[in-house]
Amino acid sequence: MLGDIARRLVPVQVRRIMGFDAKGMYSLVLWVTRRRHGVPPGGTALPYAREQSSPLLIFLFVLVVETVVFDLLLRGIGAPEWLRLPVLAVDLYSIAAVIAIAAGCVTRPHVVTPDELRVRYSAFFDLRVPRDLVTSARLSVDHNESGMVRLHDTHLSVAVGSRTNIVVELAGPVTVTLPLGRRAEATRIRFFTDTPAAALAALTRHDESQSLR
């Protein structure tokens, strides 16, 4: 009852953002305890965090320096607590959010199992593709992707640092829920992984095992 009321009153974009925060905090817990989310026994995890670790660390360093400098500045000009503390809280939240994004990228890798291909990006995106829809997978490096998760026509791209390196063709459309809730269908998926050879090996291995059933 209350859930139905909330869904009617709260826009889907706001609900999605709240969900990102919750998943991000949980990712921090997984990161600290050295666990991963959604990697079952026998599944092949395909990490993608390595390529973006340096940019995130630089961004995090800038945020920390900005937080310290701005707080010292507000103290120096005698800003009242009712102004300084909310600004400090927002800055600290921004730092926590960046760390949570990094944790999500580490603890939520892409996954290949005999039943599905799971393509993810931190807490923001999670697509599960049944294996019987996957017709082929190949290496194809693209350095000019625009955006983190982008759907153009029926071609989905999940990029890291504007890069993808694996292309998966599907026998039919799969429903995609984009980060802010819009739904569409995709028949081709491009994504990035730090271990493209392992991705192709896992997809090929599972395809061969299915053909022998």
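The structure presented is a predicted model; accordingly, all values stated were derived computationally and were not measured.

K.L.:
I would appreciate a short explanation of the packing of helix α2 (residues 12–32) against helix α4 (residues 81–107) in the present structure.
P.N.:
The geometry of a pair of packed helices is captured by two quantities: the angle between their axes and the separation between those axes. It is the contact of α2 with α4, at a shortest axis distance of 8 Å, that shows an interaxial angle of 65°. In this view, α2 runs roughly perpendicular relative to α4, as classed from their interaxial angle. Classified by chirality, the crossing of α4 by α2 is left-handed. Facing α2, whose interface residues are D21, G24, M25, S27, L28, L30 and W31, α4 presents Y93, A96, I99, A100, A102, A103, G104, V106 and T107. Here the residues of the contact of α2 with α4 sort into 11 nonpolar, four polar and one charged.

K.L.:
Any chance you could explain the pattern of salt bridges here in plain terms?
P.N.:
A pair can form between side chains of opposite charge whenever their charged atoms are brought close. Throughout the structure, instances matching the rule amount to nine salt bridges. A salt bridge links D71 to R75; the shortest N-O distance between them is 3.1 Å. Of this pair, D71 and R75 both sit in helix α3 (residues 50–76), four residues apart, roughly one helical turn. Through salt bridges that share partners, D71, R75, E81 and R84 make up one connected network.

K.L.:
Would you take a moment to explain the packing of α3 against α4 for this structure?
P.N.:
Running from N to C, α3 and α4 point in directions that differ by 170°, and their axes come no closer than 10 Å. Between α3 and α4, the angle is such that the two are roughly antiparallel. Residues Q52, L56, F59, L60, L63, V64, E66, T67, F70, D71, L74 and R75 of α3 form the contact with α4, whose own contacting residues are R84, V87, L88, D91, L92, S94, I95, V98, I99, A102 and C105. Split by residue class, the contact of α3 with α4 holds 15 nonpolar, three polar and five charged.

K.L.:
Even after reading the chapter, I still don't get the nonpolar core, so can you show me in this structure?
P.N.:
Generally speaking, a soluble globular protein has its nonpolar side chains buried in company with each other. Core analysis: the largest hydrophobic core is formed by 33 residues, its most contacted members being L156, V168, I189 and F191. Among the elements of the structure, β3 (116–121), β4 (125–130), β6 (149–152), β7 (155–158), β8 (164–177), β9 (183–191) and α5 (196–211) are those that each provide at least two residues to this core. Element by element, the count of residues in this core is highest for β8, at five residues. Beyond its immediate chain neighbours, meaning those up to four positions away, F191 contacts L46, H110, L117, V119, V158, T164, N165, I166 and V168. In terms of nonpolar packing, the next biggest core, distinct from the first, is built from six residues, L56, L60, L63 and I95 among them.

K.L.:
Explain a nonpolar patch on the surface here, please?
P.N.:
Taken together, I58, F61, V62, V65 and V69 make up a surface patch of nonpolar side chains, about 480 Å² in accessible area. The topology assignment puts I58 in helix α3. Judged by relative accessible area, I58 falls into the exposed class, the value being 57%.

K.L.:
Can you help me understand the packing of aromatic side chains in this one?
P.N.:
To describe a pair of aromatic rings, one takes the distance between the centres and the angle between the planes. A complete count under the given rule lists three aromatic pairs for this structure. Here the aromatic rings of F20 and F124 are separated by 5.0 Å at their centres, their planes lie at 75°, and the arrangement is edge-to-face. Note that F20 is positioned in helix α2 and F124 in the loop between β3 and β4, a separation of 104 residues in sequence. Summarising the aromatic geometry, the rings of Y121 and F124 are spaced 6.5 Å apart at their centres and angled 25° between planes, so their arrangement reads as stacked.

K.L.:
Explain the pairing of β3 here, please?
P.N.:
The side chains of a regular strand alternate between the sheet's two faces. Of all six residues making up β3, six are buried, and the element is well covered by its neighbours. Neither face of β3 is exposed, since E116, R118 and R120 on one face and L117, V119 and Y121 on the opposite face are all buried. With two bridges joining them, strand β2 (residues 110–112) and β3 adopt antiparallel strand pairing. Residue pairing for β3: V111 is matched across the bridge by R118. Hairpin connection, β2 to β3: the antiparallel pair is bridged by three residues.

K.L.:
Could you clarify how one ought to interpret α2 in this entry?
P.N.:
Along an α-helix, residues three or four apart share an orientation, since each turn contains 3.6 residues. With 21 residues, α2 should cover 30 Å at 1.5 Å per step; its first-to-last C-alpha distance of 30 Å lies within 8% of that length. Along α2, the residues that are buried comprise F20, G24, S27 and L30. With its buried residues spanning 120° around the axis, α2 presents them on a single face. Residues M18, A22 and V32 are exposed on α2 and point more than 90 degrees away from its buried face. Summarising the contacts, the buried residues of α2 are in contact with α4.

Thresholds applied
Residues numbered from 1 in each chain as written. Predicted model: local features only at pLDDT ≥ 70, side-chain atom pairs only at ≥ 80, totals over all residues. Heavy atoms only, no water. Axes fitted to C-alpha atoms, helices over the stretch in contact; angles between N-to-C directions. Helix = DSSP H or I, 4+ residues; strand = E, 2+ residues; numbered from the N terminus. Parallel < 35°, antiparallel > 145°, perpendicular 65-115°, else oblique. Left-handed = near helix turned anticlockwise from the far one by under 90°. Contact = heavy atoms within 4.5 Å. Nonpolar A, V, L, I, M, F, W, Y, C, P; charged D, E, K, R; others polar. Salt bridge = Lys/Arg side-chain N within 4 Å of Asp/Glu carboxyl O. Core = buried A, V, L, I, M, F, W, Y, C linked by side-chain atoms within 4.5 Å. Buried < 20%, exposed > 50% of the residue type's maximum accessible area, 1.4 Å probe, protein only. Patch = residues over 30% accessible without salt bridge, like charges linked within 9 Å, V, L, I, M, F, W, Y side chains within 5 Å. Areas by Shrake-Rupley, 256 points an atom, 1.4 Å probe, with all protein chains shown as cover. Phe/Tyr/Trp six-rings, centres within 6.5 Å; stacked < 30°, edge-to-face > 60°. Pairing = 2+ DSSP bridges. Expected span 1.5 Å × (residues − 1). Arc of directions from axis to C-beta.

Any link to function would need more than the numbers given here.
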